[in-house]
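Notes for the structure review
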Protein chains: 2
Amino acid sequence: MANIRDLAKMAGVSVTTVSRVLNHHPYVSEEKKKAVLEAIKATNYHKNINAVHLSKGKTKLIGVVLPFSDHPYFALLLKGIAKQALENNYKLVLFQTDYMESREMEALQMLEQKQIDALIICSRSCGLSIIKEHLQFGPIILCENMKGHQISSTFVNHYKIFFDALMYLYQKGHKTIGYCIGRKSGANSWNRDRAYRDFLKKYGLPYYPEYVFDQCFHFEDGEKVIDQIKKMDKPPSALLVTSDQVAAGIVICCQKHQIAIPGEIAIIGFDNEPISRMMNITTVEIPLVEMGENLFRQAVSGEISNHEISVKLIERGTV
Amino acid sequence: MANIRDLAKMAGVSVTTVSRVLNHHPYVSEEKKKAVLEAIKATNYHKNINAVHLSKGKTKLIGVVLPFSDHPYFALLLKGIAKQALENNYKLVLFQTDYMESREMEALQMLEQKQIDALIICSRSCGLSIIKEHLQFGPIILCENMKGHQISSTFVNHYKIFFDALMYLYQKGHKTIGYCIGRKSGANSWNRDRAYRDFLKKYGLPYYPEYVFDQCFHFEDGEKVIDQIKKMDKPPSALLVTSDQVAAGIVICCQKHQIAIPGEIAIIGFDNEPISRMMNITTVEIPLVEMGENLFRQAVSGEISNHEISVKLIERGTV
DNA sequence: TTGTAAGCGTTATCAA
DNA sequence: TTGATAACGCTTACAA
């Protein structure tokens, strides 16, 4: 396989000139340029990008950490990131963690080893101190409010969203409200639970642990939720569901079991995915693609910034 | 940032010895090893993996081309690939093409430039000749039958699956059968259409172009299908739907419009995703995760092989 | 406008 | 067991 030196020899020029042609630098005579181009054709030459990386100390590769890609929330975030990556001529390295810290560490390690220029962590499992230790190796962007931490982030105010949604339900007359969430730990989940408890406190309502359903990620998880609710003596009259997928699953399940929506139970989904429009589910719109695009921009900018994204309640038929 | 030479100096050994320690080679005295390890600690040393790549000519990176990651079919394929990648200490570089050939070319270019060791193409847009031209740069694995082409592949027999499913419907008394598909072009789509036409011919049934619904990718696309069917004078009595997502969307839509399933229209989905079990949809199970795992194995093996995966019809309530 | 030569940080070969 | 030293293939001062 030919390299830049072979080309130089063939074209009767120096390697520098070849490099200039390769990188579209000015100050190359048409004549020599032509000779180089011909040599490239003749040898079927292809740059060894690893040599470029080594020489430049950059890879044009951005790492993306997410628990799973087969969930619309993360898939849409990824879509936004990928869109910007394409426009800016970057490639993405994917780390599917299944929330395993060890896999997150692998991504951080790639940053250490300079295989990626920056790292976007869509959902964090490891401690903040570990993140901070790795900032010396390159930008790390998170999806939670990092103001005052010297870490970049794009985020929505989960506390406020949750609180507002609960208030909305309360105003509609709901006093026994539960919620469904993916994992219980994690910064965003913690904020939502805080909002939930503050809301209950504000109106002197009791906290029932069984009103909080975790491990709700996919459509089919809606089934578990309804199964549990059916067993309850005093089921909640409304549910905040942090994923439209799960909300849709719940709606389907309620149809199956003849549970009236919103009559017997009201539902608010999250994200405003197409499925929620189709099934007429009231939802909180989160512009995930836009968030993803912003995450990418922060990853390449190098400067630390914190960007809050605003959301919108979309009133449909399930409340 | 310290490099291997600095370590050598600090530890009072040669760079070779440092390299040996770094790579767990034998033939290093405990004493020197300790000295090197101490230098590593002291300097917070981290390997520059790009130098390794350049030196070795390999990156332990596998490229994965897919049209979109926010579709269960590809997400599950990706899951299988990612699983094996993790076990074998490879990382994945993702190429979301949206079926754009230009983006597929970028992936092939990365193979040329040695940034990835192999490429898995889950759904191909470019011509076969382009693939063949790039085989010289590394293994390329496809998801369609490539027997006799000197290209590795893992695939299911879409022709047979389609034909068998049509036969099954026919035996249940259906004579006017349509089908829903993602894109009309593409090798697998072509095989399915061939099966469809052969089936019609076998029983002397007419081909109605309006019975073929394309651009059916997501849940919400089921709506379009039903909208069109409702307008038909002579709607099909059964539908083969190449994605459980779309099948589920169709089922939901039929409920909304009071269309009886399977009474007025029978449905067979594809993939056996959780949603199909939950909604009791008859479906063709395709072991996508297993397929993904096999794709990865072929990518790293270097040998050319063609692996057909078998499928199973799961009878539920929509036929 | 062109070229020389010094990096970039490893690994691999070979001799000691 | 150890160490010089030559790759690996490109970019980039610097000099001309």
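Residues numbered from 1 in each chain as written. Chains lettered and ligands numbered in written order. Predicted model: local features only at pLDDT ≥ 70, side-chain atom pairs only at ≥ 80, totals over all residues. Heavy atoms only, no water.

1. Here's the deal with helix α11 (residues 244-256) of chain B
Residues and elements named next belong to chain B. What counts, and what does not: Runs of H or I in DSSP of at least four residues are treated as helices and runs of E of at least two as strands, each being numbered from the N terminus. Working rule for helices: expected span equals 1.5 Å times residues minus one. For each residue, the accessible area found with a 1.4 Å probe, counting protein chains only, is set against the maximum for its type, and the residue is called buried under 20%, exposed over 50%, and partly exposed in between. Within 3.5 Å is the distance limit for a polar contact, defined as a pair of N or O atoms, with the added protein rule that one can donate a hydrogen and the other accept it, and that residues adjacent in sequence qualify only through two side-chain atoms.
Its 13 residues give α11 an end-to-end C-alpha distance of 18 Å, which sits within 8% of 18 Å, the value for a rise of 1.5 Å per residue. Listed as buried for α11 are D244, Q245, V246, A247, A248, G249, I250, V251, I252, C253 and C254. With a side-chain oxygen positioned 3.2 Å from the backbone nitrogen of Q245, the residue opening α11 is S243. At the C-terminal side of α11, Q258 shows a positive phi close to 60°.

2. Some thoughts on the protein's contact with DNA strand C
We count it as follows: When we say a residue is near a molecule or strand, we mean one of its heavy atoms is within 4 Å of it.
The environment of DNA strand C is made up of 25 residues, and the closest members are A:T16, A:T17, A:S29, B:Y45 and B:S55. Within 4 Å of the protein, the contacting atoms of DNA strand C are 57% sugar and phosphate, with bases supplying the remainder. Within the contact set of DNA strand C, a base oxygen lies 3.0 Å away from a side-chain nitrogen or oxygen of A:R20. One nitrogen or oxygen atom from the side chain of B:K47 is found 3.5 Å from a phosphate oxygen belonging to DNA strand C. Of all the secondary structure elements, the ones that give two or more residues to the surface near DNA strand C are α2 (15-22) and α4 (49-56) of chain A together with α1 (4-11), α2 (15-22) and α4 (49-56) of chain B.

3. Some details on the nonpolar core
Most often, soluble globular proteins keep nonpolar side chains buried together rather than apart. Keep this limit in mind: To define a nonpolar core, start from buried Ala, Val, Leu, Ile, Met, Phe, Trp, Tyr and Cys residues and group those joined through side-chain atoms within 4.5 Å. Whether two residues are in contact is decided by their heavy atoms, any of which lying within 4.5 Å being enough.
Among the nonpolar cores identified, the biggest contains 158 residues, and A:L239, A:I250, B:L239 and B:I250 are the most heavily contacted of them. With 9 residues, the single largest contributor to this core is helix α8 (residues 158-171) of chain B. Discounting residues that sit within four places of it in the chain, B:I250 has contacts with B:C180, B:G222, B:V225, B:I226, B:L239, B:V241 and B:I267. Counting residues in hydrophobic clusters, the runner-up holds 38 residues, among them A:F137, A:M146, B:F95 and B:I116.

4. Brief notes about the sheet that holds strand β9 (residues 266-270) of chain A
All names here are of chain A. Selection rule: Note on pairing: DSSP must find at least two bridges between two strands before they are called paired. Lines fitted to C-alpha atoms define the axes here, with helix axes fitted over just the stretch in contact, and angles between the N-to-C directions of these axes take values from 0 to 180 degrees.
Taken in spatial order, the 6 strands line up as β7-β6-β8-β9-β10-β12 in an open sheet, and their pairing is mixed. Two strands lie at the open edges of the sheet, namely β7 (212-213) and β12 (312-314), each paired on one side alone. The pairing of strand β6 (residues 177-180) with strand β8 (residues 238-241) spans 4 bridges and is parallel. Looking at β8, one finds that I177 is bridged to A238. Sitting on the sheet, helix α8 (residues 158-171) is in contact with β6, β8, β9, β10 (283-285) and β12, with an inclination near 160° to β9.

5. As for the relation of the copies chain A and chain B
Worth spelling out the cut-off: Least squares is the method for superposing the copies, and the C-alpha atoms it fits come from residues with pLDDT of at least 70 in both.
Superposing chain A onto chain B requires a rotation of 180° together with a translation of 0.1 Å along the rotation axis, leaving an RMSD of 0.2 Å. One copy is carried onto the other by what is essentially a two-fold rotation axis. No C-alpha of chain A approaches the rotation axis more nearly than that of A:V93, which lies at 2.3 Å. Counting the interface residues of chain A, we find that 100% of their copies in chain B are interface residues as well, pointing to one common contact surface.

6. A look at unusual backbone geometry
Following A:I261, the chain continues into A:P262 via a peptide bond in cis, with omega recorded as 5°. Tracing the backbone shows A:P262 in the loop between α11 (244-256) and β9. At A:K114, a residue that is not glycine, the phi angle is positive and equals roughly 70°. On the basis of relative accessibility, which here comes to 29%, the residue A:K114 falls in the partly exposed class. Positive phi outside glycine occurs at B:Y27, with the angle close to 65°. Position of B:Y27 among the secondary structure elements: in the loop between α2 and α3 (30-43).

7. Structural notes on the sheet that holds strand β11 (residues 306-308) of chain A
Spatially, 12 strands are ordered β11(A)-β5(A)-β4(A)-β3(A)-β1(A)-β2(A)-β2(B)-β1(B)-β3(B)-β4(B)-β5(B)-β11(B) in an open sheet, and the strand pairing comes out mixed. A strand with exactly one partner marks an edge of an open sheet, and here the two such strands are β11 of chain A together with β11 (306-308) of chain B. If you compare each strand with its neighbour and ignore which way they point, the axes differ by 20° on average.

8. Looking at the UniProt feature "domain: HTH lacI-type" (unreviewed entry) in chain A
Worth spelling out the cut-off: UniProt positions are given in the numbering used here, feature names are shortened, and annotations may be inferred rather than shown by experiment.
When the UniProt feature table is mapped onto this chain, "domain: HTH lacI-type" (unreviewed entry) is found at residues 2-56 of chain A. The span residues 2-56 of chain A is 69% helical and 0% strand by assignment, and the distance between its end C-alpha atoms comes to 21 Å.

9. Quick word on the state of the cysteines
All names here are of chain B. Inclusion rule: A pair of sulfur atoms, both from cysteines and within 2.5 Å, is called a disulfide here.
A full pass over the atoms with the stated rule returns 0 disulfides over all chains. As a non-bridged cysteine, C216 has C180 as the owner of its nearest cysteine sulfur, 4.3 Å distant. For C216, a relative accessible area of 3% corresponds to the buried category. In this structure C253 is not part of a disulfide, and its nearest cysteine sulfur, from C254, lies 6.8 Å away.

10. Some remarks on the interface of chain A and chain B
Put simply, the rule is: Summed over both partners, buried area is the accessible surface (1.4 Å probe) that two parts give up on being assembled. Here, a salt bridge means any Lys or Arg side-chain nitrogen found within 4 Å of an Asp or Glu carboxyl oxygen. Under the scheme applied, nonpolar residues are Ala, Val, Leu, Ile, Met, Phe, Trp, Tyr, Cys and Pro; charged residues are Asp, Glu, Lys and Arg; polar residues are all the others, including Gly.
In this complex, chain A contributes 48 residues to the contact, which on the side of chain B involves 48 residues. Between chain A and chain B lies a buried interface of about 4,600 Å² when both sides are counted; carbon and sulfur atoms form 61% of it. Counting across the interface, chain A meets chain B through 4 salt bridges. Across the pair B:R277 and A:E223 runs a salt bridge whose closest N-O atoms are separated by 3.7 Å. There are 11 residue pairs in polar contact (both at pLDDT 80 or more) connecting chain A and chain B. Secondary structure elements with two or more residues in the side of chain A that touches chain B: α4, α5 (72-87), β2 (91-96), α6 (101-112), α11 and α12 (274-278) of chain A. Considered class by class, the residues forming the side of chain A that touches chain B number 23 nonpolar, 13 polar and 12 charged. With 3 bridges connecting them, β2(A) and strand β2 (residues 91-96) of chain B associate as antiparallel partners.

11. Some thoughts on the protein's contact with DNA strand D
What surrounds DNA strand D is a group of 24 residues, the closest being A:I4, A:Y45, B:T16, B:T17 and B:S29. Close to the protein, within 4 Å, the atoms of DNA strand D belong to sugar or phosphate groups at a rate of 59%. Between DNA strand D and A:S19 there is a distance of 2.9 Å, counted from a phosphate oxygen to a side-chain nitrogen or oxygen. Contact between DNA strand D and A:N23: a phosphate oxygen at 3.3 Å from a side-chain N or O atom of the residue. In terms of residue count, the dominant contributor to the surface near DNA strand D is α2(B) (4 residues).

12. Section: the packing of α2(A) against helix α3 (residues 30-43) of chain A
Residues and elements named next belong to chain A. Keep this limit in mind: For classification, angles of less than 35 degrees are called roughly parallel, those exceeding 145 degrees roughly antiparallel, those between 65 and 115 degrees roughly perpendicular, and all remaining angles oblique.
α3 packs onto α2 with a crossing angle of 80° between their chain directions and a minimal axis gap of 10 Å. With respect to each other, α2 and α3 are oriented roughly perpendicular. In this structure, α2 contributes T17, V18, V21 and L22 to the contact, and α3 contributes K32, K33, V36, L37 and I40. Residues that form the contact of α2 with α3 fall into these classes: 6 nonpolar, 1 polar and 2 charged.

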